[in-house]
Amino acid sequence: MSVLIDKKTRVIVQGMTGGEGTYHTSQMLEYGTKIVGGVTPGKGGTTFSGKGEVHFKKPVKVYDTVRAAVEAAKPDATIIFVPPPAAADAILEAIDSKIKLIICITEGVPVKDMIKVYSALKDSDSRLIGPNCPGLITPGECKIGIMPGFIHAKGNVGVVSRSGTLTYEAVKQLTDLNIGQTTCIGIGGDSIIGTQFIDAIELFNEDRETHAILMIGEIGGSAEETAAEYVKKYVKKPVIGFIAGRTAPPGRRMGHAGAIISGGKGTAADKTKALEEAGITVVMSPADIGKAVQEALSNAPKRRRRRKPGTKGKIGRPKATSKADKDMAEMS
Amino acid sequence: MKIHEHQAKDLLRRFNVPVLKSKVVYTADEAGKSAFEDFVNMGCNTIVLKAQVHAGGRGKGSIHDITTDEIQFVGEKQVRGVNVISGNDVAHTIYEYAVRMLGNKIKTIQTGESGTIIGRLLLEEGVGIAKEFYAGIVLDRGTGKNTIMVSTEGGVEIEKVAEESPEKILKEAIDPKLGFQNYQARRLGIGLGLSGDAFKSFNTFITRLVRAYESLDCSLLEINPLVLTTNGTMIALDAKMNFDDNALYRHAEYEDLRDITEEAPLEVEASKFDLNYIKLDGNVGCMVNGAGLAMATMDMIQMSGGSPANFLDVGGGANVDRIANAFRIMLSDPNVKAVLINIFGGIVRCDKVAEGIVQALKKVSVNVPVIVRLDGTNAREGKLLLKNSGLAFKVAENFEQAAKLVTEVVAA
């Protein structure tokens, strides 16, 4: 089992015929993801099978609007590859068309636009992952994102991370140690993101196949601290954490829009402390992430049943944001 | 993106946010002349002279000679980042202060020991202050809403207030659908203990401030202090404004507000090539793809006994030119004693990156050890390319080995 996506998940691609969209759609098709349509305004009614050096293994139908794609192709999820000025609009269109899972890869969406999107999300049943994220993958079943598929393996560790290549690094360390993953979720590096650590951890906590959770955080904000409080209260599975940016100077944005220590808040030291207080194993060296997960798994009580029927972590499960919001409102 | 106080005030004027009459100058002559013509001649005999630097804490900041580091005085009085000047010969005194400030360094709690060079000054009319407040608008990342904060504790560090007496900070979140409402302005005004004209003046002030923040795509707008003058009106005595970098494409005019003297020269150079480079004080340069991996690599360098000389994310499209420029910039830092390249090939193929590194090193001369770690897509082909290049790389198989090599190189 997995969270959010599996081999049955039907996916459309917003911005499929652009450069990035074309390349990554071909890669997702190669991985076996069920791509059931693409959306490019003005190209509806055609089919698309790549351009330049990129050839899809099968042609994909193109629709003018998300609504048209939803009516014809019945997608469970959409992935968005549109440039920053149009990204928020694309997410809002997907929310309006009631798509349950929306993944936005785009980097550079203005905060003002995301404030609007975040508000619209709360009034909907949609879940957003990203923006500025690599997407998510359930190894061997479904990849909705831009991560290299081959480094992943099917297994029992849930991975959630704010980063891209650092996640690939951690996943490869796991796979090299024969530790597979249930699902890996890249939640994104921006200040406002749809799915936060706490939401992903809640999903993994309720997923019976997930035996351990790896969270990869970084400086900026307080999402790691909020998640740590949740872990302390509700999570019995081993949780392993890594926080990037111990050597980052305050007041500087470290690549990701959200990775900034401001007013002395959001330091790696504070986050590490919060995680440790919640009983999370914090790895200090990024070279030791795989080994730490291996150790945590071998120390965990064997074959313990996690009972939480009815919450299978499928698409469309009610969002887990309300509690997180309250907690964070208090903190800030 | 950060801008200067005088630029922020110019923008606030567009939204009718009350600010004082002021004038920015770049030389001491200009300062003296402006003091006379724009202020004294207009009947204003108290002028506030303020260093225009991005760092905060100017009021308590000290001014140091650019070469000798000597603390600057005018007569018996120590020159600060903000100076209130009045008396008989105001224009001349302003000139005296300006001579000691411009081109010299200011050191504040935010600049650290290295300080920042003062390139411009703001002259502003003095005003009678009845009371000082704080007003700020910032994104609350947890709730995804912009939040207004006000406090009766004006003119002091707001972080300190938040720490020591959080109850003295009043907050109102802006509902994205409804926008800022009048009752919220009233609630804040009452909370600050205002009444009568001051209360009315505050309501107008804060409403306009919110409009400016939203229209300008700010990521931070801080008025500290916001003052109630002895005339009973609210005025922004200082203004700190940052913009959302993701929204800069909507405001082409902001490019003119950029002051590159506030940025490290190497960062300015890197930005020309769209390289995400941040200069640090360490001895091991690093070049990485991806921001998270770059931060983790910096951390690893420190754990291995070195210290990171920079943050550098070369991004996904790591082609020869990009890598060559990245190398050149990284190596222009004289502190760099070794270089670590850490690439995790996902979409980007390691053999392509290796090719780029080899070609780049033919263009740029490198006199320090170079450790290369390639992993992920086509890593083997990439490493083979490096080995066959005839260049002296230290090739690491994984993150752990890379860390060990850093330790060895730093110790040598």
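Residues numbered from 1 in each chain as written. Chains lettered and ligands numbered in written order. Predicted model: local features only at pLDDT ≥ 70, side-chain atom pairs only at ≥ 80, totals over all residues. Heavy atoms only, no water.

**Structural notes on the overall build of chain A**
Along its length, chain A carries 10 helices and 14 strands. A compact globule built from 332 residues would reach a C-alpha radius of gyration of about 20 Å, and chain A, at 19 Å, matches this within 12%. The principal-axis extent of the C-alpha atoms belonging to chain A is close to 55 × 45 × 40 Å. In chain A, buried positions account for 63% of the 332 residues. Counted over contacts in chain A with a minimum sequence separation of 6, partners at least 24 positions apart contribute 77%. Here chain A contributes 46 positive and 35 negative side-chain charges, whose respective centroids are spaced 6 Å apart. (Helix = DSSP H or I, 4+ residues; strand = E, 2+ residues; numbered from the N terminus. Rg over C-alpha atoms; globule rule 2.2 N^0.38 Å. Buried < 20%, exposed > 50% of the residue type's maximum accessible area, 1.4 Å probe, protein only. Contact = heavy atoms within 4.5 Å. Lys, Arg positive; Asp, Glu negative; His and termini not counted. Charge placed at Lys NZ, Arg CZ, Asp CG, Glu CD.)

**A look at the overall build of chain B**
Helices and strands together make up the secondary structure of chain B, namely 12 helices and 21 strands. The contacts in chain B between residues at least 6 apart in sequence include a share of 67% that link residues at least 24 apart. Across chain B, the mean location of the 46 positive side-chain charges is 3 Å away from that of the 53 negative side-chain charges.

**Details of the packing of aromatic side chains**
Evaluation of the coordinates by the stated rule reveals 4 aromatic pairs over all chains. Aromatic side chains Tyr168(A) and Phe344(B) sit 6.3 Å apart centroid to centroid with 55° between the ring planes, which places their arrangement in the tilted category. You can see Tyr168(A) sitting in helix α5 (residues 165–176) and its partner Phe344(B) sitting in strand β19 (residues 338–345), one on each of two chains. A residue is classified by how much of its surface remains accessible, and Tyr168(A), at 8% relative accessible area, is buried. Accessibility expressed as a relative area gives 0% for Phe344(B), which makes it buried. Pairing Phe243(B) with Tyr254(B) gives two aromatic rings, centres 3.7 Å apart and planes at 10°, and the pair type is stacked. Of this pair, Phe243(B) sits in strand β15 (residues 240–243) while Tyr254(B) is found in the loop between β15 and α7 (265–272), placing the two residues 11 residues apart along the sequence. Overall, Phe243(B) belongs to the buried group, its relative accessible area being 1%. The exposure class of Tyr254(B) is buried, given its relative accessible area of 2%. The residue whose ring lies beneath Lys21(B) is Phe39(B), and the NZ or CZ to ring-centre distance is 5.2 Å. (Phe/Tyr/Trp six-rings, centres within 6.5 Å; stacked < 30°, edge-to-face > 60°. Lys NZ or Arg CZ within 6 Å of the ring centre and 35° of its normal.)

**Section: unusual backbone geometry**
With an omega of 10°, the peptide bond running from Gly130(A) to Pro131(A) counts as cis. With respect to the helices and strands, Pro131(A) occurs in the loop between β7 (127–129) and β8 (135–138). Positive phi outside glycine occurs at Lys98(A), with the angle close to 60°. Relative to the assigned elements, Lys98(A) resides in the loop between α3 (84–96) and β6 (101–104). The phi dihedral of Asn16(B) is positive, around 60°, even though this residue is not glycine. Within the fold, Asn16(B) resides in the loop between α1 (5–14) and β1 (22–25).

**Digging into the environment of Gly217(A)**
Residues and elements named next belong to chain A. Positionally, Gly-217 belongs in strand β12 (residues 212–218). Along the primary structure Gly-217 and Ala-257 are separated by 40 residues, whereas in three dimensions their C-alpha atoms are 14 Å apart. Excluding anything up to four places from it in sequence, Gly-217 contacts Arg-162, Phe-197, Glu-224, Phe-242, Ile-243 and Ala-244.

**Some thoughts on the domain arrangement of chain B**
Looking at the assigned domains, one finds that chain B contains domain 1 (20–125), domain 2 (129–253) and domain 3 (265–411). On a C-alpha basis, the centroid separation for the pair domain 1 of chain B and domain 3 of chain B is 43 Å. (Domains from an automatic or database assignment.)

**Brief notes about the side chain of Gln181(A)**
Residue and element names in this part refer to chain A. Assignment of secondary structure puts Gln-181 in strand β11 (residues 181–186). Accessibility expressed as a relative area gives 0% for Gln-181, which makes it buried. Among the polar contacts made by the side chain of Gln-181, one reaches the main-chain carbonyl oxygen of Ile-179 at a distance of 3.1 Å. If we ignore the near neighbours within four places in the chain, the residues touching Gln-181 are Pro-139, His-152, Ala-153, Lys-154, Gly-155, Asn-156, Val-157, Val-159, Val-171, Leu-174 and Thr-175. (Polar contact = N/O pair within 3.5 Å; in protein donor to acceptor, adjacent residues only side chain to side chain.)

**Looking at the confidence of the model for chain A**
Chain-level pLDDT for chain A is 91 on average; 90% of the residues reach the 70-or-more range. For residues 307–332 of chain A, every residue scores under 50 in pLDDT, and the model assigns this stretch 51 contacts once sequence neighbours within four places are set aside. (pLDDT = per-residue confidence, 0-100.)

**Considerations on the pattern of salt bridges**
Going through the model one piece at a time under the given rule, you end up with 40 salt bridges over all chains. Lys177(B) serves as the salt-bridge partner of Asp123(A), at 2.4 Å between the closest nitrogen and oxygen. Of the two residues, Asp123(A) is situated in the loop between α4 (111–122) and β7 and Lys177(B) in the loop between β12 (169–173) and α5 (182–191); the pairing between them involves two chains. Note that Arg13(B) and Asp10(B) form a salt bridge whose closest N and O atoms lie 2.7 Å from each other. (Salt bridge = Lys/Arg side-chain N within 4 Å of Asp/Glu carboxyl O.)

**A short note on the sheet that holds strand β9 (residues 121–125) of chain B**
Residue and element names in this part refer to chain B. If you walk across this open sheet you meet the 4 strands as β1-β9-β2-β6, and the pairing is antiparallel. The sheet is open, and its two edges are formed by β1 and β6 (82–85), each paired on a single side. When strand polarity is set aside, the average angle formed by the axes of neighbouring strands in this sheet is 20°. Note that β1 and β9 share 4 bridges and pair antiparallel. Residue pairing in the sheet places Val-24 in a bridge with Leu-122 of β9. Relative to the sheet, α1 contacts β1, β2 (47–51) and β9, its axis offset from that of β9 by approximately 50°. (Pairing = 2+ DSSP bridges. Axes fitted to C-alpha atoms, helices over the stretch in contact; angles between N-to-C directions.)

**Comments concerning helix α9 (residues 320–331) of chain B**
Its 12 residues give α9(B) an end-to-end C-alpha distance of 16 Å, which sits within 8% of 16 Å, the value for a rise of 1.5 Å per residue. What α9(B) keeps buried is the set Arg322(B), Ile323(B), Ala324(B), Asn325(B), Ala326(B), Phe327(B), Ile329(B) and Met330(B). (Expected span 1.5 Å × (residues − 1).)

**What to know about the environment of Ile213(A)**
All names here are of chain A. Tracing the sequence through the fold places Ile-213 in strand β12. Residue Ile-213 is classed as buried on the basis of its relative accessible area of 0%. For Ile-213 and Ala-268, which are 55 residues apart along the polypeptide, the C-alpha to C-alpha distance reads 19 Å. Beyond its immediate stretch of four places on either side in the chain, Ile-213 contacts Gly-158, Ile-201, Phe-204, Asn-205, Val-235, Pro-238, Val-239 and Ile-240.

**Some words on helix α12 (residues 399–411) of chain B**
Given a rise of 1.5 Å per residue, 13 residues ought to cover 18 Å, and the 19 Å separating the end C-alpha atoms of α12(B) matches this to within 8%. Every buried residue belonging to α12(B) is among Phe399(B), Ala402(B), Ala403(B), Leu405(B), Val406(B) and Val409(B), and all of these are buried. An end-on view of α12(B) places all buried positions within 165° of arc, on one side of the element. Set apart from the buried face of α12(B) by more than 90 degrees, the exposed residues are Lys404(B), Glu408(B) and Ala411(B). Of the surrounding elements, those touching the buried residues of α12(B) are α5 of chain A together with β17 (284–288), α8 (291–303), β19, β20 (370–376) and β21 (393–396) of chain B. One side-chain oxygen at the N-terminal end of α12(B) lies 3.2 Å from the backbone nitrogen of Glu400(B); it belongs to Asn398(B). (Arc of directions from axis to C-beta.)

**Examining the interface of chain A and chain B**
In this complex, chain A contributes 63 residues to the contact, which on the side of chain B involves 49 residues. Taken over both partners, the interface formed by chain A and chain B buries close to 4300 Å², and the fraction arising from carbon and sulfur atoms is 58%. Viewed at the interface, chain B and chain A are joined by 7 salt bridges. Between Arg250(B) and Asp113(A) there is a salt bridge, with its nearest N and O atoms 3.1 Å apart. (Buried area = accessible area lost by both parts, 1.4 Å probe.)

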